[in-house]
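The primary structure of each chain is shown beneath.
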Amino acid sequence: MKKSIALTPDIETLFGTRDENLHVLEDGLNINIDLRSDRIELEGAPRDVARAEQLFADYEYLRRSGHQFVNGDLGSMLRVVVSDPNATLRGLAEAGRQRSFGRRTVQPKSPNQRRYLEAIEQHDMVFGVGPAGTGKTYLAVAMAISALLNKQVNRIILARPAVEAGERLGFLPGTLQEKIDPYLRPLYDALFDMLEPERVERYLEKNIIEIAPIAFMRGRTLNDSFVILDEAQNTTSEQMKMFVTRLGFNSKAVITGDVTQIDLPSARRSGLIEAVEILQSVNGLAFVHFDESDVVRHHLVQRIIRAYDEHKARLAEQQLSLLEPKSEPKSGAPQANITDAPPRPASLPGPREEPHLRN
């Protein structure tokens, strides 16, 4: 099926840098897009062409309505639309409204990101679990900044387990705070992206924003606070239980982690995995699970995550096949016993012994 769409003013912004967005549509919808001087020609299966036509119509409607796509939002939304038959560009843009966080305006770039922000708004404790690059930490910090600036809370507390593969705090030079800072750098990066550096420094000096390892949380009750636990997959069961019981009045907690990147010793079970199992049925909590389609970093990150998942699935299949018992022979079939030699007939002489020679 072929379909022609007339070119409209500013439609080229939909194409992306070097037409990368058109390539996303061609690969995702399995269609061919041909740009002519006055029109766009679509060719493919009727259903796929109809989806592409609807996408162009949605973009034109949003553009005329004054909607602006920033920071790669459009490319991320297009990837969601082509991967989810029920998603539309207009639906994503309107349902995932833009939110202002300090000096940044953030637009959810996937349905799961939208559910994540809504869950944080509606619940006092939220678990965000998924692979790297899905915006778990960044969006949590953004919601914390918004709550602080709107005077919904009096302070922000950002915690992280000081656990990394092959390293310990003692090997780093400097004071305790200087040793801790490298582990907490992603949280600093998100803060400086949301607020002016001078304001961040002022908040840190006055402990309005506090960044600390999770070990510093023991014994505290956190009232009027927005608390974020990042890299929660590296907490032990005891640390996780301690953290989730710190929540005081008028406070929110967000716990984020990636269960595929656990740096704990093999004998220790991740506190995040255990918490998701134990707390799943507790009222007032929300769990948002991200996947590779929510990755908002370079498009290669999605492919890398998919490759690791496929490799893990292959290893699991191989291990399962090794553990499966071998099939037994059918009943009634003669069974050869290779360990027992067949009896020698009595009429046949045994093997002749070689004579022993004496000197």
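Values in this document were obtained by computation on a predicted structure and should not be read as measured data.

(A) Fine view of the pairing of strand S3 (residues 39–43). Across the two faces of S3 the burial differs, with Ile40 and Leu42 buried and Arg39, Glu41 and Glu43 not buried at all. One ladder, built from 5 bridges, connects strand S1 (residues 2–6) with S3; its direction is antiparallel. Bridging from a neighbouring strand, alanine 6 pairs with arginine 39 of S3. Of the pairings in the sheet, the one linking strand S2 (residues 32–35) to S3 comprises 4 bridges and is antiparallel in character. By the bridge assignment for S3, asparagine 32 is matched with glutamate 43. Joining the antiparallel neighbours S2 and S3 is a turn of 3 residues.

(B) Examining the sheet that holds strand S9 (residues 225–229) more closely. Pairing is parallel in the open sheet, where 6 strands are placed in the order S8-S7-S9-S10-S6-S11. Looking at the sheet topology across the chains shown, the edges are occupied by strand S8 (209–213) and strand S11 (285–289). Averaged over neighbouring strand pairs, the angle between their axes works out to 15° when direction is ignored. Alignment of strand S6 (residues 125–129) against strand S10 (residues 252–257), held across 5 bridges, turns out to be parallel. Its bridge partner lying in S10, valine 129 is registered against glycine 257. Here helix H9 (residues 237–244) sits on the sheet and contacts S6, strand S7 (155–160), S9 and S10; the angle it forms with S9, its principal contact strand, is near 165°. The sheet strands contacting helix H10 (residues 271–279) are S6, S10 and S11, and the helix crosses S6 at an angle near 125°.

(C) Representation of the side chain of glutamate 60 within the structure. Structurally, glutamate 60 can be placed in helix H2 (residues 46–64). Residue classification places glutamate 60 among the buried positions, given a relative accessible area of 11%. For glutamate 60, the side chain forms a polar contact with the side chain of threonine 8, separated by 3.0 Å. Looking at glutamate 60, its side chain comes within polar contact range of the side chain of arginine 63, at 2.8 Å.

Definitions and cut-offs
- Sequence order sets the numbering: in each chain, residues are counted from 1 along the sequence as written.
- Selection of residues for local features in this predicted model requires a pLDDT of at least 70, selection of side-chain atom pairs for listing and counting requires 80 or more, and totals for whole chains, interfaces and linings are taken over all residues.
- The basis for every side-chain value is the complete set of non-hydrogen atoms in the structure, without hydrogens or water.
- Classification of residues uses two cut-offs on accessible area relative to the type maximum, computed with a 1.4 Å probe and protein chains only: under 20% is buried, over 50% is exposed, and between them is partly exposed.
- Helical segments are the DSSP runs of H or I of at least four residues, strand segments are the runs of E of at least two, and each set is numbered from the N terminus.
- Think of it this way: DSSP has to see at least two bridges between two strands before they count as a pair.
- Axis angles are defined between N-to-C directions and span 0 to 180 degrees, where every axis is a line fitted to C-alpha atoms and, for a helix, only to the segment in contact.
- What makes two residues a contact is simply this: any of their non-hydrogen atoms within 4.5 Å.
- Polar contacts, as counted here, are pairs of nitrogen or oxygen atoms within 3.5 Å of one another; within protein the pair requires one atom able to donate a hydrogen and one able to accept it, and residues that are adjacent in sequence qualify only if both atoms are side-chain atoms.

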